[in-house]
Amino acid sequence: MKISLSKANFRDMNRLEESNYLLTNGLGGYSSLTLAGSCSRSDHALFMASLVAPNNRFSFVRHLDDRITLASGESYPLSSQANVNPYDTVDSTLLFDNFTQTYLPTFTYRIRGIEITKTIVMEQGVNRLAVKYHVFNPLQQAFTLHVTPKYQFCSKGQNLSREQVFSHHEGKISSNGQHLTYRHNGANSALDTPRYESGLYFSYDARDGRPATDAQMALHTIAFVGTETNEQFYVLFEAEEKRATSLPTQSVDVMINTEIERQKAYIGQAKLKSIFGQQLVRASEQFVVDRDSTESKSIIAGYPFFADWGRDTMIALWGCNLSTNQFEDARQIFRTFIRYEQRGVLPNLFPEAGVEPMYNTIDASLLFIVSLYEYYQASGDLEFIRDEAYECMMNIYQHYRNGTDFEIKMLDNGLISGGSGFDQLTWMDIRYGDIVPTPRHGCAVEINALWFNSLSILDFFNQKLNKSMPELPALVEQVKATFNQEFYNDAGYLNDWIKEGEINQQIRPNQAYAVGLPFPILSQERARTVILTIYKELYSPLGLRSLSMDDPEFKNVCTGSHFDRDMAYHQGTVWGFMIGQFLMGILRQFPHDTDLTRIVEQFIEHNQDGLYEGCIGQLAEIYDGYAPSQSRGCFAQAWSVSEVLRVVKYYEQTHQK
């Protein structure tokens, strides 16, 4: 899917800075700048390496100050960068012509009969990045392209200080305990004095109340001189590698061709029919990473902020691994969870080397069981379930039934309850100091829909594996009956949680799990009323609102200070991933209902526009609740992409010939 945005889409630098690209290297490292070639967030970087995969990230190169100088002496920047002092802002809008992305981000600039095309590539499995310039100069005018890398050499989230010492020898830079090599086909010249440049201004961070300024260091400039019709220049950066899997350095053209062919093969293996589906496959693959501490695959929850988390991984796996037919990656992820299961609870925060995992989640274990069922349906691999996963499923079942950590336990009525005090065990897990905006202790609706499905799935695999658990069918029916009695609201939707007689009747998207999971817990009549209530109260073309707009606690935007954002995070903000259970409920339970299917078809049609906003080719974490149009939070979120991809693939398999 070729995404193309021309100058007609961007009237000034501010508009160019509203969008950015994303490249990843399969280690947690990434390259991401705005379409202006600038950093509008502190997390933007041309070259963000991952020194220990996937979460030990280090920003080497902020961006490139690249500019063309004509024979007349006129000089024009290709890349922008905002500054606290507007007189120091570099604005490249004049030369910007278009941005395209099929496999790699490509920028085109145009000035006085000279066309410059810039392509950025990251190599997979190694911390290496290259920028290639192709200059089309039919009048054979003399020109010089000056490229000055702006370095940071800081761990992600840290600021560059004036006291930080840099060492620069030809082709190698060292600072802050790290080393970077570079090569190019131009003429390099070191600056007489290293230039510490303060006052960088990050407009996106300022909008969200984050620290919005930093600095960068200029050490040298590379000059490319040209007079021919077609000229090709490059600069390549490589972090000093410590892992044994480091790959030999190849030419930039080989890097580009290899990466394009790799993406083509990955997309082809998924066998999606639509162009939209294929683009989602490309997007989903950017979250799949190696994890050094477990020597296995994992899934980054979102760029640029997040690490890999248990809950997010289990949900994102459905699209990122299963819908793409990457079954070996899925098995590696399952094995990691199985390895760290503890008293029936699976980690929410994966362990780094020497760091204990965190188990503060009630849903990861149940999502794990559902994921195993989805894995079996996609792969037919019963052997893995029998030999590697079944014992872990049984541990989860027994501990949840008998009681385990975080007061997770089955009540006499068959429902699962959990949490107390400041525990935040569900996905609505924000806590700001002593403020818990969405306390959901007790029996949460989606947890019990997952519990019912986990019991049904265990019974399903027992039959497949000829294992006997005579008490299980009766428990399945008890949970189903109690769930309907306790959660169904006569107004036509499901209550959000119940605890010791207290009932939370807010209209939230968590009820979608009761209709979207593979084993229905509601009658079709009730499922239809729930779907229609969600459609009326929570639906948007970019996801589901986390709270009805009619609720007095509804927050219409998620921006501003840290406090303001946390207070709005689950109080109306639109979440992309929640659309998955809602649409799957329609497709699974009402495959022949043309009115409901129309909702799915319209969402697929309209959601494609989301690929052109924010991070090009990606779907964001969240959007404002009242008028969702501009992405917030992570500009690329694994479970947002995964759930839409899952819906698109299921729709193609069941509704298209």
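Here the structure is shown first, and the text comes after it.
Quick caveat: nothing in here was measured; it's all calculated off a predicted structure. (Residues numbered from 1 in each chain as written. Predicted model: local features only at pLDDT ≥ 70, side-chain atom pairs only at ≥ 80, totals over all residues. Heavy atoms only, no water.)

K.L.:
So what about the overall build of the protein? Which residues, and what values?
P.N.:
A tally of helices and strands in the protein yields 16 helices and 33 strands. Computed over its C-alpha atoms, the radius of gyration of the protein comes to 26 Å, within 12% of the 26 Å expected for a compact globule of 657 residues. Along the first, second and third principal axes, the C-alpha atoms of the protein reach 85 × 55 × 50 Å. Residue burial in the protein is summarised as follows: out of 657 residues, 63% are buried. Across the protein, contacts joining residues at least 24 apart in sequence account for 66% of those joining residues at least 6 apart. As presented, the protein carries roughly 24,100 Å² of accessible surface, and 48% of it is formed by carbon and sulfur atoms. When the 57 basic and 77 acidic side-chain charges of the protein are each reduced to a single mean position, those positions are 3 Å apart. (Helix = DSSP H or I, 4+ residues; strand = E, 2+ residues; numbered from the N terminus. Rg over C-alpha atoms; globule rule 2.2 N^0.38 Å. Buried < 20%, exposed > 50% of the residue type's maximum accessible area, 1.4 Å probe, protein only. Contact = heavy atoms within 4.5 Å. Areas by Shrake-Rupley, 256 points an atom, 1.4 Å probe, with all protein chains shown as cover. Lys, Arg positive; Asp, Glu negative; His and termini not counted. Charge placed at Lys NZ, Arg CZ, Asp CG, Glu CD.)

K.L.:
Break down the environment of K2 for me, with residues and values.
P.N.:
With respect to the helices and strands, K2 occurs in the segment before strand 1 (3-6). Along the chain, K2 and Y340 lie 338 residues apart, while their C-alpha atoms are 41 Å from each other. Sequence-distant contacts of K2, that is, excluding residues within four places in its chain, are made with T100, Q101, T102 and Y612.

K.L.:
If you had to explain a nonpolar patch on the surface to someone new, which residues and values would you point to?
P.N.:
Together, Y432, I435 and F563 give the surface a local cluster of nonpolar side chains, amounting to about 230 Å² of exposed area. For F563, the location among the structural elements is in helix 13 (residues 562-568). (Patch = residues over 30% accessible without salt bridge, like charges linked within 9 Å, V, L, I, M, F, W, Y side chains within 5 Å. Salt bridge = Lys/Arg side-chain N within 4 Å of Asp/Glu carboxyl O.)

K.L.:
Report on the sheet that holds strand 29 (residues 543-545), specifying residues and quantitative values.
P.N.:
Hydrogen bonds between backbone atoms are what pair the strands of a sheet, whose relative direction is either parallel or antiparallel. An order of 28-29-30-31-32 is seen for the five strands of this open sheet, with the pairing classed as antiparallel. For this open sheet the edge positions go to strand 28 (539-540) and strand 32 (631-632), each flanked by a neighbour on one side alone. The pairing of strand 28 with strand 29 spans two bridges and is antiparallel. Its bridge partner lying in strand 29, S540 is registered against G543. (Pairing = 2+ DSSP bridges.)

K.L.:
Which residues make up the sheet that holds strand 27 (residues 502-504), and what are the values?
P.N.:
Pairing in this open sheet of three strands is antiparallel, and the strands run 23-26-27 from one edge to the other. Two strands close off the open sheet at either side, each with one partner strand: strand 23 (443-444) and strand 27. By the bridge criterion, three bridges tie strand 26 (residues 497-499) to strand 27 in an arrangement that is antiparallel. Following the sheet pairing, K499 is matched in strand 27 by E502.

K.L.:
Now, about the pattern of salt bridges: what can you tell me, with residues and values included?
P.N.:
Counting across every chain of the model gives 40 salt bridges. E328 serves as the salt-bridge partner of R331, at 3.1 Å between the closest nitrogen and oxygen. A residue pair is termed a helical-turn pair when its members lie 3 or 4 positions apart in one helix, as R331 and E328 do in helix 6 (residues 327-339) at three residues.

K.L.:
A description of the packing of aromatic side chains should follow, citing residues and the corresponding values.
P.N.:
Summed over the entire model, instances satisfying the criterion amount to 42 aromatic pairs. Judged by centre distance (6.3 Å) and plane angle (70°), the ring pair of F143 and F233 falls under edge-to-face. Here F143, found in strand 11 (residues 143-155), pairs with F233, found in strand 17 (residues 230-239); they are 90 residues apart in sequence, far enough to count as distant. Side by side, F143 and F233 carry an identical accessibility label, which is buried. Here a set of aromatic residues connected by ring pairs shows up, and it is made of F47, F58, F60, Y151, F153, F166 and F237. The cationic tip of R431 hangs over the ring face of F422; the distance from NZ or CZ to the ring centre is 4.0 Å. (Phe/Tyr/Trp six-rings, centres within 6.5 Å; stacked < 30°, edge-to-face > 60°. Lys NZ or Arg CZ within 6 Å of the ring centre and 35° of its normal.)

K.L.:
So, unusual backbone geometry: which residues are in play, and what are the values?
P.N.:
With glycine set apart, most residues show a phi of negative sign, and most peptide bonds adopt trans. That bond from A53 to P54 is cis: its omega, 0°, falls within 30 degrees of zero. Counting through the fold element by element, P54 comes out in the loop between strand 4 (45-52) and strand 5 (56-70). Of note, the bond from Y303 into P304 is cis; its omega dihedral lies within 30 degrees of zero at 5°. Tracing the backbone through its elements, the reader meets P304 in the loop between strand 20 (302-303) and helix 5 (310-322). Even without glycine at this site, Q140 takes up a positive phi of about 50°. Position of Q140 among the secondary structure elements: in the loop between strand 10 (128-136) and strand 11. By relative accessible area, which is 46% here, Q140 ends up partly exposed. We note that N466 has phi near 60°; this positive angle belongs to a residue other than glycine.

K.L.:
Before we move on, can you summarise the environment of L349 with the specific residues and values?
P.N.:
For L349, the position within the fold is in the loop between helix 6 and helix 7 (364-379). When the C-alpha positions of L349 and Q101 are compared, they lie 33 Å apart, and in sequence the two are 248 residues distant. In contact with L349, not counting residues within four places along its chain, are D308, W309, G310, P357 and M358.

K.L.:
Give a detailed account of the nonpolar core, specifying residues and quantitative values.
P.N.:
With 206 residues, the main nonpolar core has I68, F237, F368 and F582 as its most contacted residues. By residue number, the principal contributor to this core is helix 9 (residues 445-465), which donates 12 residues. The residues that make up this core include at least three from each of domain 1 (3-261) and domain 2 (288-656). Dropping the residues within four chain positions of it, I68 is found in contact with E74, S75, Y76, L78, L95, I111, I114, I116, F143, T144 and L145. (Core = buried A, V, L, I, M, F, W, Y, C linked by side-chain atoms within 4.5 Å. Domains from an automatic or database assignment.)

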